[in-house]
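Residue-level structure breakdown
Single-letter residue listing:
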Amino acid sequence: LNTFYLYTSMPYDTYIMVTEERFMKCLPKSVIYTQAEIRRLREKNVRYLYLEKNNHISFLEKSIRLMTKELNKKISDTGLAIKILISCATLSQDYIKTVGPSNTLVSLLSLITSYHTQVIYTLEKMSNIHRYFPSKNYDIGVLAIYKSLHCEFLANKLSWNHSATKEKLLFSSILHDAFLEKEENSCVIDLSTIENEKDKADILKHAKQAGKFAHQFTHLPETDFIITQHHLIPDERSFPEKVAVSKINQISALFIIVNHFISEINVKGNDVKKIKSVVKSMESTYTQSSFKQVYLQLKRIVRA
C-alpha cells in the first residue's frame with residue numbers, strides 16, 4: 001500500500017483481490033483520493049492493491065522481458081550496449097511512473113547494474129563516453145545513462161567498488177529526473193534563470209517526489225537522500241534549499257558534481273575544449289569538504 005501514498009490519483013482503475021480470479025474496483029482512475037482511504041483499506045487487512053492491466057502495462061512487462069534477454073547477452077559492441085542501457089533507463093522511468101515499486105523493477109535494476117559495469121570495462125576510460133552522447137539532448141533516459149557512466153567511473157577511481165554503491169548511483173541517475181513534467185528542465189542548475197512560474201514549481205518539486213519514491217527501496221539506503229539533494233550545489237544556486245556543506249556526504253557530493261557537470265556540457269557542448277572549460281569553471285565551487293576529493297578526481301580524469 002505504501003506505493004499509493006505517492007499519488008493523489010491513479011492513472012488506472014485500482015482493484016482489491018477478492019479471489020485469484022475475482023477483483024473488486026476500489027479506486028477509479030483519475031479521481032483524487034485521500035490517504036484516509038488507504039488507511040481504511042489497511043484497517044480491513046488489505047495489503048495489496050492492483051492496477052488494471054491495460055495495454056500500456058502489458059507493453060511495459062513485455063518490454064522488460066525483452067530487455068532482460070538483452071542484458072543477459074555478452075557485450076560485443078559498446079555503442080549498441082549503451083543504446084540498450086538507454087532503453088532500459090527509459091523503460092524503468094516509464095514503469096516507475098505507471099506502476100510504481102515492484103519486485104520486477106528491483107530485479108531489472110540489479111541486471112542493469114551488472115550490465116552497466118561491463119560497459120564501463122569496454123569503454124576503458126571516461127573520455128570515451130562522450131563520443132556516444134550528442135550535446136543538447138534533453139531526453140531524460142539518455143541523460144540518465146550519460147550521468148550513470150560518469151558516476152561509476154568516478155566511484156571506481158575513488159575505490160568505491162561495492163556493488164550496492166554502483167546500484168545506488170545508477171538508480172539515482174535513472175530516477176532523479178523521472179518526475180519532471182518537462183524534460184527540457186532536466187539541465188537547469190540555477191533556478192534564478194527560470195522565469196516561468198509553472199516550470200519553476202515543476203523543477204522545485206521533482207527531486208522531492210523522486211526521493212520519496214526511492215525511500216521505498218529499503219535495500220538501497222541513502223538513495224532517497226542522493227536524489228533529494230542532487231541540486232544542492234554549494235553556492236547561491238543551491239535549491240530547493242541551502243544546506244551546510246558538512247551535512248552532504250561523499251556519495252551525494254559525487255552525484256551533485258556529476259549532475260552539474262553533465263548538465264553544463266549538455267548545453268554548452270561536449271568537445272574536449274568545452275569539457276575542460278566546464279570543469280575549470282566548477283573549481284571554486286567544489287574545493288571544500290566532501291566535494292573536494294570527488295572534484296579533484298574529475299579534474300584529473302579530464303586532464304588525462
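Structure's up top.
None of these values were measured; they are calculated from a predicted model.

1. Some remarks on the sheet that holds strand β1 (residues 14-19)
The strand order β2-β1-β3 describes an open sheet built from 3 strands, whose pairing is antiparallel. Among the strands making up the open sheet, the edge pair consists of β2 (22-27) and β3 (50-51). For β1 and β2, the ladder comprises 5 bridges, and the chain directions are antiparallel. Pairing of I16 across the sheet is with M24, part of β2.

2. Let's talk about the pattern of salt bridges
For the structure on display, the rule yields 11 salt bridges. The shortest N-O distance in the salt bridge between K147 and D177 comes to 3.7 Å. Placement of the pair is K147 in helix α5 (residues 140-157) and D177 in the loop between α6 (163-175) and α7 (197-214), with a sequence separation of 30 residues. The buried category is assigned to D177, whose relative accessible area is 4%. With its nearest N and O atoms 3.0 Å apart, the salt bridge here joins E222 to K168. Of this pair, E222 sits in the loop between α7 and α8 (223-228) while K168 sits in helix α6, and the two are 54 residues apart along the sequence. The class of K168 is buried, set by a relative accessible area of 10%.

3. Here's the deal with the environment of K268
Of note, K268 is situated in helix α9 (residues 250-268). Setting aside chain neighbours within four positions, we find K268 in contact with K274 and V278.

4. Overview of helix α2 (residues 55-71)
Over its 17 residues, α2 extends 24 Å from the first C-alpha to the last, a length consistent with the 24 Å expected when each residue adds 1.5 Å. Listing the buried residues of α2 in full gives I57, L60, S63, I64, M67 and L71. All buried residues of α2 lie within an arc of 115° about the axis, which places them on one face of the element. Within α2, the exposed residues directed more than 90 degrees away from the buried face are N55, K62, R65 and K69. Buried residues in α2 make contact with β3, α3 (78-98) and α4 (103-123).

5. Points about the side chain of Q229
Here Q229 lies in the loop between α8 and α9. Once you skip the residues sitting within four places of it in the chain, Q229 turns out to touch K247, I248, S252 and I256.

6. Considering the packing of α5 against α6
Two elements in contact, α5 and α6, have axes whose closest approach is 8 Å; the angle formed by their N-to-C orientations is 155°. Between α5 and α6, the angle falls in the class roughly antiparallel. Note that α5 runs across α6; the crossing there is right-handed. On α6, the residues that touch A144, I145, K147, S148, C151, E152, A155 and N156 of α5 are K166, L169, L170, S173 and I174. Broken down by class, the residue content of the contact of α5 with α6 amounts to 7 nonpolar, 3 polar and 3 charged.

7. Quick notes on the pairing of β1
Taking the residues between adjacent antiparallel strands as the criterion, β1 and β2 are bridged by 2 residues. In this structure, β1 lies alongside β3, joined through 2 bridges in antiparallel fashion. Paired with Y15 across the strands is Y50, a residue of β3.

Cut-offs used in this document
Residues numbered from 1 in each chain as written. Predicted model: local features only at pLDDT ≥ 70, side-chain atom pairs only at ≥ 80, totals over all residues. Heavy atoms only, no water. Pairing = 2+ DSSP bridges. Helix = DSSP H or I, 4+ residues; strand = E, 2+ residues; numbered from the N terminus. Salt bridge = Lys/Arg side-chain N within 4 Å of Asp/Glu carboxyl O. Buried < 20%, exposed > 50% of the residue type's maximum accessible area, 1.4 Å probe, protein only. Contact = heavy atoms within 4.5 Å. Expected span 1.5 Å × (residues − 1). Arc of directions from axis to C-beta. Axes fitted to C-alpha atoms, helices over the stretch in contact; angles between N-to-C directions. Parallel < 35°, antiparallel > 145°, perpendicular 65-115°, else oblique. Left-handed = near helix turned anticlockwise from the far one by under 90°. Nonpolar A, V, L, I, M, F, W, Y, C, P; charged D, E, K, R; others polar.

Just distances and angles here, no functional claims.
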